[in-house]
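Breakdown of the fold
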Amino acid sequence: MSGPGCPTRCCSFPAVQKRLPVLRWLPRYSLAWLQLDVIAGATVGLTVVPQALAYAEVAGLPVQYGLYSSFMGCFVYCLLGTAKDVTLGPTAIMSLLVSSYAFHDPVYAVLLTFLSGCVQLAMGLLRLGFLLDFISCPVIKGFTSAASITISFNQVKNILGLQGVPRQFFLQVYETLRRIGETRAGDAVLGLSCLLALTGLGAMKSGLGRAAGAEPLCTRVSYCIVWTSATARNALVVLCAGLLAYSFQVMGCQPFTLTGRIPRGLPAFRVPLFSKVTHNGTVPFSRMVQVGAASDVLLPSASQNDYRIEPNQELLAMGLTNLLGSFVSSYPVTGSFGRTAVNAQTGVCTPAGGLITGALVLLSLAFLTSFFYYIPKAALAAVIICAVTPMFDAAIFRTLWRVKRLDLVPLCVTFLLCFWEVQYGIVAGVLVSGLLLLYAIARPPMKVSTQGELVVQPGSSLHFPAAEYLRDTVCKHLQAAPTPGSVVLDCRHVSSVDYTAVLGLAELLHELRKQGLALTLCGLQVPSRPGSCCWHRHRRLLWRPNCTRATQHLESGLPPGPAATCCIS
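Residues numbered from 1 in each chain as written. Predicted model: local features only at pLDDT ≥ 70, side-chain atom pairs only at ≥ 80, totals over all residues. Heavy atoms only, no water.

Considerations on the overall build of the protein chain
Defined as follows: In this description a helix means any DSSP run of H or I spanning at least four residues, a strand means any run of E spanning at least two, and both kinds are numbered starting from the N terminus. Buried, partly exposed and exposed residues are distinguished by accessible area as a fraction of the type maximum, computed with a 1.4 Å probe on protein chains only: under 20%, between the cut-offs, and over 50%, respectively. In what follows, residue pairs with any heavy atoms lying within 4.5 Å of each other are defined as contacts. Computed with the Shrake-Rupley method and a 1.4 Å probe, the accessible areas treat only the protein chains shown as cover for residues.
Within the protein chain, the regular secondary structure consists of 27 helices and nine strands. Sorting the 569 residues of the protein chain into buried and exposed places 49% on the buried side. Within the protein chain, residue pairs in contact and separated by at least 24 positions form 76% of the contacts whose partners lie at least 6 positions apart. Total accessible area on the protein chain is roughly 27800 Å²; 64% of this is exposed by carbon and sulfur atoms.

Considerations on the pattern of salt bridges
Formally: Between Lys or Arg on one side and Asp or Glu on the other, a salt bridge is scored when a side-chain nitrogen of the former is within 4 Å of a carboxyl oxygen of the latter.
Applying the stated rule across the entire model yields 10 salt bridges. The residue Arg 127 makes a salt bridge to Glu 310 at a minimum N-O spacing of 3.8 Å. One end of the pair, Arg 127, is in the loop between helix H8 (106-125) and helix H9 (137-154); the other, Glu 310, is in the loop between helix H15 (285-292) and helix H16 (311-325), and 183 residues separate them in sequence. For Glu 182, the salt bridge goes to Arg 179, with nearest N and O atoms at 3.2 Å. You can call Glu 182 partly exposed: its relative accessible area is 48%. On the basis of relative accessibility, which here comes to 12%, the residue Arg 179 falls in the buried class. Within this structure, Glu 468, Arg 471, Glu 507 and Glu 511 form a network of salt bridges that share partners.

Let's talk about the pairing of strand S7 (residues 486-490)
Taking burial as the measure, the five residues of S7 include five buried ones, the bulk of the element. Along S7, one buried face is formed by Ser 486, Val 488 and Asp 490 and the opposite face, lined by Val 487 and Leu 489, is buried too.

Some details on the packing of helix H12 (residues 185-206) against helix H13 (residues 217-231)
Note the following rule: Note on definitions: angles span 0 to 180 degrees between N-to-C directions of axes, and those axes are lines fitted to C-alpha atoms, for helices only across the stretch in contact. Just so you know how the angles are binned, under 35 degrees is roughly parallel, over 145 roughly antiparallel, 65 to 115 roughly perpendicular, and the rest oblique. We call a crossing left-handed when the near helix sits turned anticlockwise from the far one by less than a right angle, and right-handed when that turn is clockwise.
In contact at an axis separation of 8 Å, H12 and H13 are set at 130° when each is read in the N-to-C sense. One way to sum up the angle between H12 and H13 is to call them oblique. Crossing hand, H12 versus H13: left-handed. Contacts from Leu 201, Met 204 and Lys 205 in H12 reach Val 226, Trp 227, Ser 229, Ala 230 and Thr 231 in H13.

Some remarks on the UniProt feature "transmembrane region" (unreviewed entry) in the protein chain
Under the convention used in this document: UniProt positions are given in the numbering used here, feature names are shortened, and annotations may be inferred rather than shown by experiment.
In the UniProt entry, the feature "transmembrane region" (unreviewed entry) is given for residues 32-53, 65-86, 106-126, 315-333, 353-373, 380-401 and 413-441. Its end C-alpha atoms 33 Å apart, residues 32-53 is made of 100% helix and 0% strand. Secondary structure over residues 380-401 splits into 73% helix and 0% strand, and the C-alpha atoms at its two ends are 37 Å apart.

Looking at the side chain of Thr 144
The condition is simple: Definition of a polar contact: a pair of N or O atoms within 3.5 Å, with one able to donate and the other able to accept a hydrogen when the atoms are protein atoms, and with sequence-neighbouring residues admitted only if both atoms are side-chain atoms.
One can find Thr 144 in helix H9. Among the polar contacts listed, one links the side chain of Thr 144 to the backbone oxygen of Lys 141, at a separation of 3.2 Å. Not counting residues within four places of it along the chain, the set of residues in contact with Thr 144 comprises Ile 93 and Met 391.

A few points about the pairing of strand S8 (residues 518-522)
Quick reminder of the rule: The pairing criterion for strands is at least two bridges between them, as found by DSSP. Crossover handedness is defined by viewing with both strands directed away from the observer: a clockwise path from the first strand over the helix to the second marks the crossover as right-handed.
Among the five residues that make up S8, five are buried, leaving the element largely enclosed by the rest of the structure. Relative to S8, S7 is paired through five bridges, and the arrangement is parallel. Following the sheet pairing, Leu 489 is matched in S8 by Leu 521. Note on the crossover from S7 through helix H25 (residues 499-514) to S8: the handedness is right-handed.

As for the nonpolar core
Put simply, the rule is: Joining through side-chain atoms within 4.5 Å is the link that ties buried Ala, Val, Leu, Ile, Met, Phe, Trp, Tyr and Cys residues into a set, and such a set is a nonpolar core.
In terms of nonpolar packing, the biggest core is built from 72 residues, with Leu 53, Leu 67, Val 98, Ile 151 and Tyr 331 touching the most fellow members. Within the second largest apolar cluster, 20 residues are counted, among which are Leu 454, Leu 489, Val 494 and Leu 509.

Topic: the packing of H12 against helix H20 (residues 377-388)
The cut-off we apply is this: Residues were grouped as follows: Ala, Val, Leu, Ile, Met, Phe, Trp, Tyr, Cys and Pro as nonpolar; Asp, Glu, Lys and Arg as charged; and all remaining residues, including Gly, as polar.
Between H12 and H20, the shortest axis-to-axis distance is 8 Å and the interhelical angle comes to 35°. The handedness of the crossing between H12 and H20 comes out as right-handed. From H12, Asp 187, Gly 191, Cys 194, Leu 195, Leu 198 and Thr 199 reach across to H20, where they touch Ala 378, Ala 379, Ala 382, Val 383, Ile 385 and Cys 386. Residue composition of the contact of H12 with H20, grouped by class: nine nonpolar, two polar and one charged.

Focus on helix H6 (residues 72-80)
Of all nine residues in H6, seven are buried, a share of seventy percent or more. When H6 is considered as a whole, its buried residues turn out to be Met 72, Gly 73, Cys 74, Val 76, Tyr 77, Cys 78 and Leu 80. Contact partners of the buried residues in H6: helix H2 (13-19), helix H3 (22-25), strand S1 (88-89), H16 and helix H18 (353-367).

Looking at the environment of Asp 105
By secondary structure assignment, the location of Asp 105 is in the loop between helix H7 (92-102) and H8. Residue classification places Asp 105 among the buried positions, given a relative accessible area of 14%. Between the C-alpha atom of Asp 105 and that of Gly 60, which follows or precedes it by 45 residues, the distance is 7.9 Å. Beyond its immediate stretch of four places on either side in the chain, Asp 105 contacts Leu 61 and Lys 276. At 3.0 Å, the side chain of Asp 105 and the backbone nitrogen of Val 107 are in polar contact.

So, H20
Threshold: Every helix has an expected span of 1.5 Å times one less than the residues it contains.
Its 12 residues place the ends of H20 17 Å apart at the C-alpha level, agreeing with the 16 Å of an ideal helix rising 1.5 Å per residue. By the criterion of burial, H20 is predominantly enclosed, with nine of the 12 residues buried.

See the structure below:
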C-alpha cells in the first residue's frame, strides 16, 4: 500500500534527497570541482573575516561575535542548502536589526538567534515560504536603501574617531555634526584612505576582463595578482591598516582608535542563557522574549545562475544554522548578497566551498586574534561603508515613476520610517502594499458603455469587497444614461466569483426587476476541471434555453455556470 502520506514514500531516496540536497551532488563530486571550490572558499574566507569583525560593530557587539557567527552557516548550508553560490553569515542589514533588539548585550543577541532559528525552522517545516511573496519589491528596495544610509552614517563616527555618539539615526546625525570639531586626524586620514583604496580596487575589478588562455605567462600571472587583490580587497586593506597601526605602536605613538583585545580561541559550545542576572536582580525568559524576540528572513536570489532555490528548504537551512549557532554564541545570520556574488564570480561548483570558508574562520579565531587587536576601527568602518553603498538604489524612484507611480507609496513609506525604526518601516511598507492590493480587489476597473443597452465589463474577478462597488456602478450609470433595454455584464475577464459577489448580483437583479430591466451575463469562464466550482453540477439547469430556471438558481445563491451567455429576465 502506497499513498501520498505513506511512510515508505516519505522515507524514499528522492524524499531524503529533497531534505538533504548534499546527496544530489556528492555522488558526482570530482577533483576538478574540488579545485574550484577550494579557490572560491578561500576567496570568500578572505572576505568574510574582515566583514564579520566590521558587522559586529554595526550590531553593537564585541567584534569576536562577528567571527562566532560566521562559521556555522558554512557547514550547515553545505548539507541543507539548495544553491551552490549562497553563503550564510553576518550581514549589514541583519546586524542593524540585531542592534535594535539586542541592546548591545550578547546575551540578548544569542537568545535572539535561538528564537529566530526556531521560527525559521517552524516556517520551513510548515511550508510557509510562500509568505515571502507578500513582501513587494518596493518595500524591499525602500528598506535596503534606508538601511544603506543608516549603516553608512553609523560608521562616520568611527571614520572621524568620535566616541559616545548615540545609535539612533537622527540623534546620531545631530551629535556627529555638533562634535565634528573633535575629529581625530589619524582616524580621518586612515578612514578616507581606506575608502579610496576599496573604491579603486572595486572599480578595477568591475573593469577587469577575462585573461585569454593564449596570453603570455607573465600577463596571466599579472592578471591573477590583480584579480586576487581586487577580489580580496577587504582583507588586503584591513591587513595594511593593521600593519600600519602596529608600526606606530612599536614606535610608541598610536594615532588610530584600535579594535582592542579579542578573546583567543573558539567559542564554548553551551546552551543559550534563558535568563540574565543583573545588579537589579534576574531578568526572566518571558521578559527577555518580550523585549528582544524577532526574526528576519532573507532569501538570496539565484535567478542569475540558471537555477531556482526552494524557499522552504532555505528556511530549514537558515533555521538550523541559527539554532545551532546560538550554542556557539552567534547572533542571527542570513544570506549575504555580496559574498554570494564573490562565490559565483570565482566559479564555485558546489556548496562544499563553504567548508573552506568555515575552516578559515575557525583558524582565524584560533591563531589570529592577537593580530586583530591592531586593526583600526576606521579601516573596518570603510569596509562596511563600501559593502552597503551598492544597496542604495536611486534609480528605483525614477523607474517606479515611469512604470507605476502608486508603487512609490510603499517605497517612500518604508524608506522614511526605516530612519525612525527599521522594524516599523518594514511593517508599515508591508501594510501599505497589502492595502493597495486589497484596494485593487475592492475597486476593479469597470469599463462602461451605453449603446442601446448598458454594458458593464469588470476588469478582473469579482470578490466580496467589490460586490457593492459593482452595484453602485450599475445604478449610477442607469441614472445618468437614457433608459436602456437591458443591462449586460460582460464577464470575459472574470475568472472567479465568490459567494458574497453572487449575493450582490442577486440583489442587483431584484433592483433591475423593479425598474423593468433585464440582466444579461456573457463571456463567463468555463471551470478548468469538473467539480472545481460549487455550481458546476447545476450547469444544465442554468444554461437551458428557459431563462426562468437560470433566474431561480441565481436567486437561490448559485452563480452562473460555464456557458457563453445567459439572459435573465
